[in-house]
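Residues per chain are reported as follows:
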Amino acid sequence: MGVVFGLLWLFTGLLQGVHGQGVYAPPTVRIVHSGQACNVEEERYSERVYTIKEGETLELQCLVTGHPRPQIRWTKTAGGASDRESSLHNETLRIENINRHQGGRYYCKAENGLGSPAIRSIRVDVYYLDDPVITIHQSVGEAKEQFYFERTVFLRCVANSNPPVHYTWRRGREVLSQGSDSGVEIYEPFFTQGETKILKLKNLRPQDYADYTCFSSVRNVCGIEDKSAHFTLSNRTAPPSIKLLLDDPLVVNPGETITLVCVASGGEPHPSLKWMRPDGQQLPKRSVVKGGTLTIPAVAIDDGGVYSCVGSNNVGNPAKKTTTILVRGLRKGRFWITPDPYHNDDNIQIGREVKISCQVEATPPEELQFSWLKNGRPLRSSERMVITHTDTDVSPGTTNLDIIDLKFTDFGTYTCVASLRNGGTPEISIDVNISSTTVPPELTIPRGRSHLITQEGDTVDLQCLVSGKPKPIILWSRVEESGVAAAAAATALMPDGSIQTESYDGILRISNVTREMSGTYRCQTSQYNGFNVKPREALIQLVVQFPPAVEPVHTEIRQALGRAFSLTCRLLRAHPARLLRYEWKLGTRLLTVGQFSDQRDDTNYHVRALNREGYGEYTCDITNEAGAGRCTFLVTGKAYPPEFYYDTYSALWQNRPRVYGFKLQWTQMEPNAVDRILAYRLGIRQMGQSRWWEQEIPMEGTIQKGELLTYNLTELIKPESYLVRLTPITRYGEGDSTERIITYSAPVNPHLSFYMYIETSRPRLEGDTARLLSPTFNSKSSPVSNNPTYCFAFYYHMYGKHIGALNIFLRQKGQAVTDTLVWSLTGNQGDRWCQAKVNIHPTTAFQMVIEGVRGSGIEGDIAIDDVTIEEGECKDPPPNNLRSLAPPSSPHIWQHCITLILALIGQQR
């Protein structure tokens, strides 16, 4: 009978002293959960769904492997993958008191610069159940005013939930179901299935006037309890009706306290009342609401607008009444002068017509009234002085004074007075002078000010001189550029972010000017507070000079002594871009100077052989009229920081009750960039204490990129955590340090997940064997040592009264294949995992063979796990490296986890 089983065995080895990539590996990601999940399901396409109750704590952990240590980022999307809501750089994502809106897909992304980033996701489904709400309608289409003539009533029960809610109706203590009462129908509208349950009472009967209860349930998923709502239906049940006890519109003066009163005039149950403003506007912050009464103290102009009172009692549609508050006020008083429109002349002339217009915004507009004065005396409309007003429905309100056949006696000051009929706000007076000096405006630019050159960061004044009387408001704007940059300049805004800026003195002041503010600016006259004629305009060109922008602004270069290297400073942009000079320095020592040619946009400095005096800060200054841009290069011989290796297998061990040990492993970042690393300074500090223990670890030979270095820390006190700091040392001095925290964790059985075992149940017979074969290894013999030593280690579990034997063979492949028994154990060893180690001395290519032999009965399963093979003799316990070094003298022979070949050998009995 053959022994057949199809399991995989993982053979793990660690590599030290590897060349090339070494232990560098792209990231892998796995999401594990803790916290208060209701359920975690694996769906199709490997999607994981994490279900949690609203209000609980979500905790997801992103477990990563890869070297260097990957950077972790959590993101959440809702709907589309581009709809990113949150981002967190941490291994653990923790959300306390989670709400329904925080459900969605969460992604963990890990990247370390090798290969593609690793991404895993999990969908978080937040379960909840809101209190149900019962609403009463006479017909389903009541909102469209479609009513049944018969007395049919619909009770609608609605509750928001996830997952979909299940409803149950009761009348009194009687459970209502479809068909249980001919006068009752229960159904769900197609467009709201799972959200609404409707109870239809056809042609109301006396027994239908009762207490109704709607129970909503999600069937206790996540421990969410059922909820209910109650409603008493009687012959008095009626939808709400309300009325407002106030004038509409309500016109008030600024600063007054106003009270809006809304009362319920009908409805059973008694309606609740609520005040609101349209489009989601908030009520004034100082307002006070008490029932249906809204009080607004010290009302301001901004408080004006529409206010609505809504009454609801869940019967029919809510009742709504609206009123408008008008706060009296006058704003934006302006005037303009229009010369005789029948002649093509912008000047005021004797014997011709001239019109003076005055405009004011008023609330309420129908209360606006105008009066005119001449030289302080009231002016009435006449044949030569015609006063007209626009319709009160037009806002803003405008009044015109037409002076027909202008005479010298008409010269003087005309005053337009705007007021509100019922007072409540100060009047506005606008003076307009008509005389021989009243002339239309002209715009000029001061000499030498039409083309301004300034430097970035300065304050500059753009000035337009305006002549004429009266002087109008000046409008400043930017001019759209023509050519390639037109599309970008078309949307150019003024420095304050507006499209147009007003100025009363003709000056536009720009503080802290930037290069983006370069361009053409237009100043032009406004018709307001001046002549209503074709606008006058002028243009000013503003040129903002700025120092050269260069790259790199600051960079660090690490170099070993004796090496050659070059530094490059690149010009990105500058204005002006001519007559550019460069100057290279080391510290304060001048190295070289020169001038840019039109064809070059960079400058280089070459070092043929770096000496100790060549370390330091190199600067390259590129200058123009506006200043200098600087590239800075810090040339140093400091070694890069070590990279701690976090994927060490079984890094923590303990062989005494009160202490534990830790296998500290790392690689050196870019070891060949600087001089050879001579040693590492190891510092260790117990967390919560301030004292550091330090020791220097000498290194022999050259460390290769990707070489995994190991140092065993012992005598660590349980259960304390330690901060470990590692600093490389070269002949230049100390390099950059790296720190990590070592945390003690209580030992757990590492063999609870996957392992290999032989199955001894029937039809297996006594003496049947099963073998596992490793890959073939090439023995590393040398002239110095013809018989290298390897340590073969594994864990075994042999528990049961029928345990047979576990044998380890060394299979060598010379001229003939030979199997040599190197380790064997028989019989019951107890219900525990034990480790075995054996030294082997192959002389040629070899394999390891693990053989399990069935015992006399079915209680004889034998298991193995965590099989490793390392170069060198077996060591147990690990050395105390607080006084000795642990860099490997020879490399391990296996780098990665590899699936072993499973050899099945059957013996016929």
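Keep in mind it's a predicted model, so treat the numbers as computed, not measured.

### Focus on the overall build of the protein chain
Alright, step 1. The number of helices and strands found in the protein chain is one helix and 71 strands.
Alright, step 2. Each of the 909 residues in the protein chain was classed as buried or not, and the buried ones make up 45%.
Alright, step 3. For the protein chain, restricting intrachain contacts to residue pairs at least 6 apart in sequence, the fraction spanning at least 24 positions comes to 70%.
Alright, step 4. As displayed, the protein chain has an accessible area near 47500 Å², and 48% of this comes from carbon and sulfur atoms.

### Here's the deal with the pattern of salt bridges
Alright, step 1. All told, the structure shown has 40 salt bridges when counted by the stated rule.
Alright, step 2. Note that Glu556 and Arg558 form a salt bridge whose closest N and O atoms lie 2.8 Å from each other.
Alright, step 3. Residue Glu556 is classed as partly exposed on the basis of its relative accessible area of 34%.

### Points about the packing of aromatic side chains
Alright, step 1. Applying the stated rule across the entire model yields 15 aromatic pairs.
Alright, step 2. Between Tyr796 and Trp823, the ring centres sit 5.6 Å apart and the planes meet at 50 degrees, which makes this aromatic pair tilted. Of the two residues, Tyr796 is situated in strand S64 (residues 790-798) and Trp823 in strand S66 (residues 817-826); the sequence distance between them amounts to 27 residues. As far as burial versus exposure is concerned, Tyr796 and Trp823 are alike and both buried.
Alright, step 3. Through successive ring pairs, a cluster of aromatic residues spans Trp584, Tyr605, Tyr618 and Phe633.

### Re the sheet that holds strand S35 (residues 428-434)
Through backbone hydrogen bonds, the strands of a sheet pair up, either in parallel or in antiparallel fashion.
Alright, step 1. Spatial ordering of the open sheet is given by S31-S30-S34-S35, a layout of four strands whose pairing is antiparallel. Each edge of the sheet is formed by a strand with only one pairing partner; in this case those strands are strand S31 (377-379) and S35. Ignoring which end each strand starts from, the neighbouring axes of this sheet average 35 degrees apart.

### Focus: the nonpolar core
Soluble, globular proteins show a tendency: their nonpolar side chains are buried together.
Alright, step 1. Judged by nonpolar contacts, the single largest core of 28 residues is most densely connected at Ile337, Ile356, Trp372, Leu401, Ile403 and Tyr414.
Alright, step 2. Looking at this core, the elements that each hand over two or more residues are strand S28 (329-339), strand S29 (354-363), strand S30 (368-374), strand S32 (385-389), strand S33 (397-403), strand S34 (412-420) and S35.
Alright, step 3. Here the element with the most residues in this core is S29; it accounts for five residues.
Alright, step 4. When sequence neighbours within four positions are dropped, the list of residues in contact with Ile356 reads Trp336, Trp372, Thr399, Asn400, Leu401, Ile403, Tyr414, Val432 and Ile434.
Alright, step 5. If you look at the next biggest cluster of nonpolar residues, it comprises 27 residues, including Ala770, Phe792, Ile803 and Leu806.

### Quick look at the confidence of the model for the protein chain
Alright, step 1. Mean pLDDT over the protein chain: 85, with 87% of residues reaching 70 or higher.
Alright, step 2. Within the model, the stretch residues 79-85 combines pLDDT values under 50 with nine contacts to residues more than four positions away or in other chains.
Alright, step 3. In this model residues 877-909 is a low-confidence stretch, pLDDT under 50, and it forms 100 contacts with partners more than four residues away in sequence or in other chains.

### Considerations on the sheet that holds S33
Alright, step 1. Taking strand neighbours across the sheet as the criterion, the five strands line up as S32-S33-S29-S28-S44 in an open arrangement whose pairing is mixed. The sheet is open, and its two edges are formed by S32 and strand S44 (530-531), each paired on a single side.
Alright, step 2. Pairing of S32 with S33 involves five bridges; the strand directions are antiparallel. Directly across from Met385, in S33, lies its bridge partner Ile403.

### Some details on empty space enclosed by the protein
Alright, step 1. Within this structure, the stated rule accounts for two cavities of 30 Å³ or more.
Alright, step 2. If you trace the largest cavity, you find 14 residues lining it, with Ile758, Leu772, Gly852, Ile862 and Ile864 closest to the centre.

### Some words on the state of the cysteines
Alright, step 1. One pass over the structure, following the stated rule, counts eight disulfides.
Alright, step 2. Paired by a disulfide, Cys358 and Cys416 hold their sulfur atoms 2.2 Å apart. One disulfide, between Cys358 and Cys416, carries an S-S torsion of -80 degrees and so falls in the left-handed class. Taken together, the residues span a long stretch of sequence, with Cys358 in strand S29 and Cys416 in strand S34 at a distance of 58 residues.
Alright, step 3. The partner cysteine of Cys791 in its disulfide is Cys874, sulfur to sulfur 2.0 Å. Measuring handedness by torsion sign, the sulfur bridge of Cys791 and Cys874 sits at about 105 degrees and is right-handed. On the criterion of sequence distance, the pair formed by Cys791 in strand S64 and Cys874 in the loop between strand S69 (862-871) and strand S70 (898-899) is long-range, its members being 83 residues apart.
Alright, step 4. For Cys874, a relative accessible area of 22% translates into the label partly exposed.
Alright, step 5. Left without a disulfide partner, Cys620 is nearest to the cysteine sulfur of Cys569, which lies 3.8 Å away.
Alright, step 6. Overall, the relative accessible area of 0% leaves Cys620 in the buried class.

### Some details on the environment of Tyr605
Alright, step 1. Examined against the element boundaries, Tyr605 turns out to sit in strand S50 (residues 602-607).
Alright, step 2. Separated by 20 residues in the primary sequence, Tyr605 and Lys585 have C-alpha atoms spaced 9.9 Å apart.
Alright, step 3. Beyond its immediate chain neighbours, meaning those up to four positions away, Tyr605 contacts Phe565, Ser566, Leu567, Trp584, Leu591, Thr592 and Tyr618.

### Thoughts on the pairing of strand S9 (residues 104-111)
Alright, step 1. As judged from the seven bridges shared by strand S6 (residues 71-77) and S9, these two strands associate in the antiparallel manner. Among the inter-strand pairings, Thr77 is bridged to a residue of S9, identified as Arg105.
Alright, step 2. With seven bridges connecting them, S9 and strand S10 (residues 118-129) associate as antiparallel partners. If you follow Tyr106 over to S10, its bridge partner there is Ile122.
Alright, step 3. Taking the residues that link successive antiparallel strands as the turn, the S9-S10 hairpin has six residues, and the phi of Gly113 there is positive, at about 85 degrees.

Calculation rules
Residues numbered from 1 in each chain as written. Predicted model: local features only at pLDDT ≥ 70, side-chain atom pairs only at ≥ 80, totals over all residues. Heavy atoms only, no water. Helix = DSSP H or I, 4+ residues; strand = E, 2+ residues; numbered from the N terminus. Buried < 20%, exposed > 50% of the residue type's maximum accessible area, 1.4 Å probe, protein only. Contact = heavy atoms within 4.5 Å. Areas by Shrake-Rupley, 256 points an atom, 1.4 Å probe, with all protein chains shown as cover. Salt bridge = Lys/Arg side-chain N within 4 Å of Asp/Glu carboxyl O. Phe/Tyr/Trp six-rings, centres within 6.5 Å; stacked < 30°, edge-to-face > 60°. Pairing = 2+ DSSP bridges. Axes fitted to C-alpha atoms, helices over the stretch in contact; angles between N-to-C directions. Core = buried A, V, L, I, M, F, W, Y, C linked by side-chain atoms within 4.5 Å. pLDDT = per-residue confidence, 0-100. 1 Å grid on protein atoms, 1.4 Å probe; cavity = no way out; pocket = protein on both sides within 12 Å on 5 of 7 lines; lining within 4 Å. Points joined across faces, edges and corners; volume = space filled by probe spheres on them. Disulfide = S-S within 2.5 Å.

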